[in-house]
Each structure stands twice: as structure tokens, then as C-alpha cells.
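Letter by letter, the chains look like this.
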Amino acid sequence: MIEVETERRRSEQALRDSEWRFRRLMESNIIGILIVDAGGQIIEANHAFLKLAGYTRSHMQGNGLRLDDITPPEYLPQDAWVREQTAIYGSCQPLEKEFLRPDGSRVSVLVGLVPLIQPEGLSVCFVIDVTQKRQALEAMRKAYDELESRIQERTRELSRANAKLESEIQRRRLVDIELTRSNKELEQFAYVASHDLQEPLRKITSFTEILAHQYRGRLDDNANKFIGYVVDGATRMQTLIRDLLAYARTGGGEIAPQRTDLAAVVAEVVSDSELAIREQQAEITVDPLPAVMAVPLQMKQLFQNLIGNALKFRSGDPPRVRVSAKKTKTEWAFSVSDNGIGIDPQDIDHIFVLFKRLHTRTEYPGTGIGLAICEKIIARHGGRIWVESEPGKGSTFYFSLPASCFVEPLDDP
């Protein structure tokens, strides 16, 4: 009898020890733990779950809490399926769901259900708070949606901009075609007009000279003066038409650039100007010049005009002209400098304008087309032209030719 009593006490102590360990395990765990029966009634809940779900132990008094009571309606079918799978297979994959708190708010959780062998019908639920995970995922989803929206809007903006740009490109292409056609027509008109005007002017000049010769001494001074005006006007008109014809021809046609030795071109220009150079006691210095891809005749026109202007617009001293060149990585830079009368700063922006003259014909002859021809030649070769000058101290005309015109490097002098 004593042995039976001792065994009973041992069993009771073992049961109390087991229950104590169970309680300690339940309450010390950071994971929410529930003990539920087959009907979903919550039999036990540890502190971690109560804190997570916002309930107290008083909520489980009386009829207590059932899982269905704290589960939003949309999750009830899922819970029923989990219990069914657990009963059949003994376990089920943890699933995410939500629990309702007493204040009506929700908490996102991950729930795993494991049936107990003893006593029959009880199961253990392990509950983990995944609110932060869901919030992070929701924030990521919103950020993704916002980014996607911005990308779509940006894509639409780019599409509109591309369509507008394409329309502008097409418009400019049509304008360029029309401008090219108009330029060709204008050049052809200038050429034809200049050519056709030559003949009547020659007649005017010829017959006026005959009139002056045959009636010399038979006309009064006024008549002779008037005849002189006619001859001078016709001569100037012929010069103007000749220059206009030269301008119209510049850049006309599709003359392909070829290897052009600029040193030889300048030497030819200097040779052609030998008489003027000798009369003015001019000195022309030519530094080493390169060979470039260009239209030879147009290069000769270019240097004829620049060197000719340097000789024409001289000061009281004999003209001193220097032609030089310098190569950079992107272009050839040329210069033609002189010690002439210079150019007023307010006139520098206008000197390349067609027919723009800075002096009267009595001071310096010409039609004001030469520098316009120079600019047209340089533009045709893809370069640029400009001038630096100071009144009374001479001028330096610069022009450049792009890398596409490179043939060979400039030799060291």
C-alpha cells in the first residue's frame, strides 16, 4: 500500500514537473503558441500570442476564444482547409493570414498547425508576427507601382517628344529641300541675269566710247562730262555683274574636293599679283602651308581676295602681309595678317555681308563681294572665317578647315 502511494505521488510530481516545464516553455517562447481543440477552441495561449493579438487571459474566460472568432471572414475557408489537411496528413505548410484584435485592427501572422498525439483532438498553433514583412512588401509593391507609373508616364512623354522631334526633323528636311532648290534657282537666276546683262552693258560702253570719239571737240564740257559718267557707270556695272557672277558660281555644282597644295596655290596668287606687289613695294611672307582636301579653284579665289584686300587697304607704309597655318586635333587654322588701315570694331560683324562696303569707291575700288565669296567658300568646305582688327594697326583674317580636310601634317619650318 505504501509503495502504491509512493508511486502515485511520484506520478503526480512528474506530472506537475511536466506541466511546469510546459508552462515555462510556453511563456518563455518569443513565438506565439496556442493549444486548440478539434473545434477550434483556444485552450491555452502564451504571453507572446496574447501580446501579439492584443488579448488578455480574461478574454478566454467563460466561453473563451475560438480561432474563428479572431479570424477575418475571408480567411475562414483557408483555415478549414488547413485543419482538413492536418487531420489527413498530420501536418500542413504554414500559411499567412490575419488575426483580428479586440479594437478591430488586424495583425499579419504566419501560422503553423501541428496535431498532438495525446490527448486526442488537440493541436498546437505556432504564430509568428509578419506585419513588418507585409508592410515592407506593401511598401515595395507601392514603390514598384509608382515607379511603373512614372516609367509609363516618362515613356509617353518620350514618345510624344520623339514624335514631335520626328515631325520637326521632317519639317526641316522639307525646308532644307526647298531651300536647296531655291538656292539653286537663285544661283541659276544670278548666273543667267549676270550673263545676259553683260551684252547690253558692252553695247552701252562701246557706243558711248564711239560717241565720245566721233564727237570729240564738237560737244561742250557738260556733254563730255555726261558721257564720262555713262562710261564710268557702265564699267562699274560690268565689274559688279562680273563679281556677282563669281559669287553665284561659288559653291555651285558638285565639284569634288581633291588634294590641294595650298603652298602652290598661294605662290600662284602671289605671282599673279606681282605687278601690284612691286608697285607698292609690298612684302609677302608665306609660312609652310599644308596640302588639304579642297576645291583648288575656290582656294585660289579665297587667297586672291584675302591677299588682294591686304594690298588694297594699305596704310602709308608699304604693305606687309603674312600667310600662316597651324594644325590642331580638330582643324587647320589659317591666318592672313597685314599692317593696313584696320577695321572699326563696329564694322567687324558686317564685313562678310554681300555688297557691304566700308569705304567709298573714290577711296577704294570694289563691289563689296570679295569677303562674301570667301565666307561662302569656307562654309562649303565645312569651316568658319572671322577677323580680328584694330583701326590703324592692321587686320588678321582667320579661317579654318575641319579634320575631314586633313591630308598630311604640317612640316616643321
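Read on for a plain summary of the structure. (Residues numbered from 1 in each chain as written. Predicted model: local features only at pLDDT ≥ 70, side-chain atom pairs only at ≥ 80, totals over all residues. Heavy atoms only, no water.)

Regarding the overall build of the chain
Okay, step 1: Helix and strand counts for the chain come out as nine helices and 12 strands.
Okay, step 2: Taking contacts inside the chain between residues at least 6 apart in sequence as the whole, the part at least 24 apart equals 61%. (Helix = DSSP H or I, 4+ residues; strand = E, 2+ residues; numbered from the N terminus. Contact = heavy atoms within 4.5 Å.)

Quick word on the packing of aromatic side chains
Okay, step 1: Applying the stated criterion to the full structure yields five aromatic pairs.
Okay, step 2: Relative to Tyr398, the ring of Trp386 has its centre 5.5 Å away and its plane inclined at 15 degrees; by these criteria the two rings are stacked. Taken together, the residues span a long stretch of sequence, with Trp386 in strand β11 (residues 384–389) and Tyr398 in strand β12 (residues 395–402) at a distance of 12 residues.
Okay, step 3: Residue classification places Trp386 among the partly exposed positions, given a relative accessible area of 26%. (Phe/Tyr/Trp six-rings, centres within 6.5 Å; stacked < 30°, edge-to-face > 60°. Buried < 20%, exposed > 50% of the residue type's maximum accessible area, 1.4 Å probe, protein only.)

A look at the sheet that holds strand β2 (residues 42–45)
Okay, step 1: The strand order across the open sheet formed by five strands is β2-β1-β5-β4-β3, and the pairing between neighbours is antiparallel. In this open sheet, the two edge strands, each paired with only one partner strand, are β2 and β3 (95–100). Across this sheet, the average inter-strand angle for adjacent strands is 35 degrees, counted without regard to direction.
Okay, step 2: Bridging between strand β1 (residues 32–36) and β2 involves three bridges; their strand directions are antiparallel. When the sheet's bridge partners are listed, Leu34 is paired in β2 with Ala45.
Okay, step 3: In this fold helix α3 (residues 76–89) packs onto β3 and β4 (106–115), with an angle of close to 125 degrees to the strand it touches most, β3. (Pairing = 2+ DSSP bridges. Axes fitted to C-alpha atoms, helices over the stretch in contact; angles between N-to-C directions.)

Some details on the pattern of salt bridges
Okay, step 1: On inspection of all chains with the given rule, the structure shows 18 salt bridges.
Okay, step 2: With a shortest N-O distance of 2.6 Å, Asp79 and Lys97 are connected by a salt bridge. Residue Asp79 is located in helix α3, and its partner Lys97 is located in strand β3; the two are separated by 18 residues in the primary sequence.
Okay, step 3: Residue Lys300 pairs with Asp272 through a salt bridge whose shortest N-O separation is 3.2 Å. Taken as a pair, Lys300 in helix α8 (residues 296–312) and Asp272 in helix α6 (residues 262–272) lie far apart in primary sequence, 28 residues in all.
Okay, step 4: By relative accessible area, Lys300 is classed as buried at 17%.
Okay, step 5: Several salt bridges share partner residues, and in doing so they unite Arg66, Asp68 and Arg83 into one network. (Salt bridge = Lys/Arg side-chain N within 4 Å of Asp/Glu carboxyl O.)

Examining the side chain of Ser324
Okay, step 1: Within the secondary structure, Ser324 is located in strand β9 (residues 320–327).
Okay, step 2: There is a polar contact of 2.7 Å between the side chain of Ser324 and the side chain of Ser335.
Okay, step 3: Those residues in contact with Ser324, other than ones at most four positions away along the chain, are Asp287, Leu289, Ala333, Phe334 and Ser335. (Polar contact = N/O pair within 3.5 Å; in protein donor to acceptor, adjacent residues only side chain to side chain.)

Concerning the nonpolar core
Okay, step 1: In terms of nonpolar packing, the biggest core is built from 36 residues, with Val292, Leu302, Phe303, Leu306, Ile307, Phe334 and Phe399 touching the most fellow members.
Okay, step 2: Listed by contribution, the elements that provide at least two residues to this core are α6, β8 (291–294), α8, β9, β10 (331–337), α9 (370–380), β11 and β12.
Okay, step 3: No other element matches the seven residues that α8 contributes to this core.
Okay, step 4: If we ignore the near neighbours within four places in the chain, the residues touching Phe303 are Leu262, Val265, Val266, Val269, Gly308, Val323, Val336 and Phe399.
Okay, step 5: Listed in part, the 22 residues of the second largest apolar core include Tyr55, Leu67, Cys92 and Val127. (Core = buried A, V, L, I, M, F, W, Y, C linked by side-chain atoms within 4.5 Å.)

Let's talk about the packing of α8 against α9
Okay, step 1: Two elements in contact, α8 and α9, have axes whose closest approach is 9 Å; the angle formed by their N-to-C orientations is 145 degrees. In this structure, α8 meets α9 at a crossing whose hand is left-handed. Mapping the contact onto sequence places Gln298, Met299, Gln301, Leu302, Asn305, Leu306 and Asn309 in α8 and Gly370, Leu371, Ile373, Cys374, Ile377, Ile378 and Arg380 in α9.
Okay, step 2: Classifying every residue of the contact of α8 with α9 gives eight nonpolar, five polar and one charged. (Left-handed = near helix turned anticlockwise from the far one by under 90°. Nonpolar A, V, L, I, M, F, W, Y, C, P; charged D, E, K, R; others polar.)

Comments concerning α8
Okay, step 1: With 17 residues, α8 should cover 24 Å at 1.5 Å per step; its first-to-last C-alpha distance of 24 Å lies within 8% of that length.
Okay, step 2: Among the residues of α8, those classed as buried are Gln298, Met299, Lys300, Gln301, Leu302, Phe303, Leu306, Ile307, Asn309, Ala310 and Leu311. (Expected span 1.5 Å × (residues − 1).)

Some words on the pairing of β11
Okay, step 1: Where β11 meets β12, six bridges bridge the pair, whose relative direction is antiparallel. When the sheet's bridge partners are listed, Trp386 is paired in β12 with Tyr398.
Okay, step 2: Between the end of β11 and the start of β12, which pair antiparallel, lie five residues, with Gly392 showing a positive phi angle near 80 degrees.

Quick look at unusual backbone geometry
Okay, step 1: The backbone phi angle of Gln281 is positive, close to 55 degrees, even though this residue is not glycine.
Okay, step 2: In this structure, Gln281 sits in the loop between α7 (274–280) and β7 (283–286).

Concerning the sheet that holds β9
Okay, step 1: The strand order across the open sheet formed by five strands is β7-β9-β10-β12-β11, and the pairing between neighbours is mixed. Edge positions in the sheet fall to β7 and β11, since each of these pairs with one other strand and no more. On average, adjacent strands in this sheet sit at an angle of 15 degrees to one another, irrespective of strand direction.
Okay, step 2: For β7 and β9, the ladder comprises four bridges, and the chain directions are parallel.

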